Amino acid sequence: MRHSLCHDAEFTVAETRNQTPAPAGPREPLGPLAQFGVALGLIVLELALTAAVLLVWFFAALHLDPGTPAPEVSPAPYLLAVVAIGVGAGAVAVTWGRRRAWGVALTQGLMAALLTCGALVGLAYEARDAAPQQPAPAPGMVGCRSGDHSQECAHLGG
């Protein structure tokens with residue numbers, strides 16, 4: 001009899017270890033005031049991160065010695081960091097949208113669009129400025145519009 005009690009106790013412990021917890025139900029949606037607080041906190045966090053990146057860029061480009069030439073500092077890594085902040089804001093927007101906190105999702109989506117698009121426009125502008133300059137076309141007629149047989153090309157020997 002003692003053996004069966006011990007066996008029953010082991011069986012009960014083994015049964016409780018294999019049980020999975022009951023799935024949690026859907027979360028309660030946040031109230032408007034809570035959504036405002038979360039959205040404001042996330043906006044302040046994103047703006048602080050963006051300001052930190054821009055300050056690091058500023059101090060990297062800062063040159064106080066007038067006797068030496070200023071080093072060339074590419075803005076690409078700093079603008080890509082701002083893009084990463086924008087992508088993170090987009091991920092947060094999707095997460096809060098799934099939780100049905102539309103106020104937070106909307107503000108984070110707007111921040112994601114502003115940060116990402118602004119930084120990508122800056123990158124495109126930088127790439128355009130970094131491209132070699134094209135020489136200006138020569139003054140006067142460069143070719144004949146109507147072919148070699150017209151009076152338009154008479155000065156070219158045609």
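In this report, the structure presented in the accompanying data block is examined. Along each chain, numbering runs from 1 in the same order as the chain's sequence is written. Under the rules for a predicted model, residues below a pLDDT of 70 receive no local features and side-chain atom pairs below 80 are neither given nor counted, while totals for whole chains, interfaces and linings still include all residues. Side-chain measures were taken over the full set of non-hydrogen atoms in the model, leaving aside hydrogen atoms and water.

### Quick word on helix H3 (residues 76-98)
Only runs of H or I of at least four residues qualify as helices and only runs of E of at least two qualify as strands under DSSP, and these elements are numbered from the N terminus. Expected helix span is taken as 1.5 Å per residue step, with the number of steps being one fewer than the number of residues. Its 23 residues give H3 an end-to-end C-alpha distance of 33 Å, which sits within 8% of 33 Å, the value for a rise of 1.5 Å per residue. For every residue, the accessible area obtained with a 1.4 Å probe (protein chains only) is divided by the maximum for its type, and the residue is called buried under 20%, exposed over 50%, and partly exposed between those limits. Within the sequence span of H3, burial applies to Tyr-78, Leu-79, Val-82, Val-83, Ile-85, Gly-86, Ala-89, Ala-93, Trp-96 and Gly-97. Following H3 by one or two positions, Arg-100 has its phi on the positive side, about 65 degrees.

### A short note on the side chain of Gln-108
As for its placement among the helices and strands, Gln-108 is situated in helix H4 (residues 102-130). Given a relative accessible area of 0%, Gln-108 falls into the buried group. In contact with Gln-108, other than residues within four places in its own chain, are Ala-39, Leu-42, Ile-43, Glu-46, Ala-89, Val-92 and Ala-93. Residue contacts are defined here by distance: any two heavy atoms, one from each residue, within 4.5 Å place the two residues in contact.

### Digging into the packing of helix H2 (residues 32-61) against H4
Helix axes are fitted to C-alpha atoms over the stretch in contact, other axes to C-alpha atoms as well, and angles between N-to-C directions run from 0 to 180 degrees. Two elements in contact, H2 and H4, have axes whose closest approach is 8 Å; the angle formed by their N-to-C orientations is 20 degrees. As summarised for this structure, H2 and H4 are arranged roughly parallel, according to the angle between their axes. Classified by chirality, the crossing of H4 by H2 is right-handed. Contacts between H2 and H4 involve Gln-35, Val-38, Ala-39, Leu-42, Ile-43, Glu-46, Leu-47 and Thr-50 on the former and, on the latter, Trp-102, Gly-103, Val-104, Thr-107, Gln-108, Met-111 and Leu-115. Here the residues of the contact of H2 with H4 sort into nine nonpolar, five polar and one charged. Comment on the angle field: the value is read as roughly parallel under 35 degrees, roughly antiparallel over 145, roughly perpendicular from 65 to 115, and oblique elsewhere. Note: crossing handedness is left-handed where the near helix turns anticlockwise from the far helix by less than a right angle, and right-handed where it turns clockwise. Residues are grouped as follows: Ala, Val, Leu, Ile, Met, Phe, Trp, Tyr, Cys and Pro are nonpolar; Asp, Glu, Lys and Arg are charged; every other residue, Gly included, is polar.

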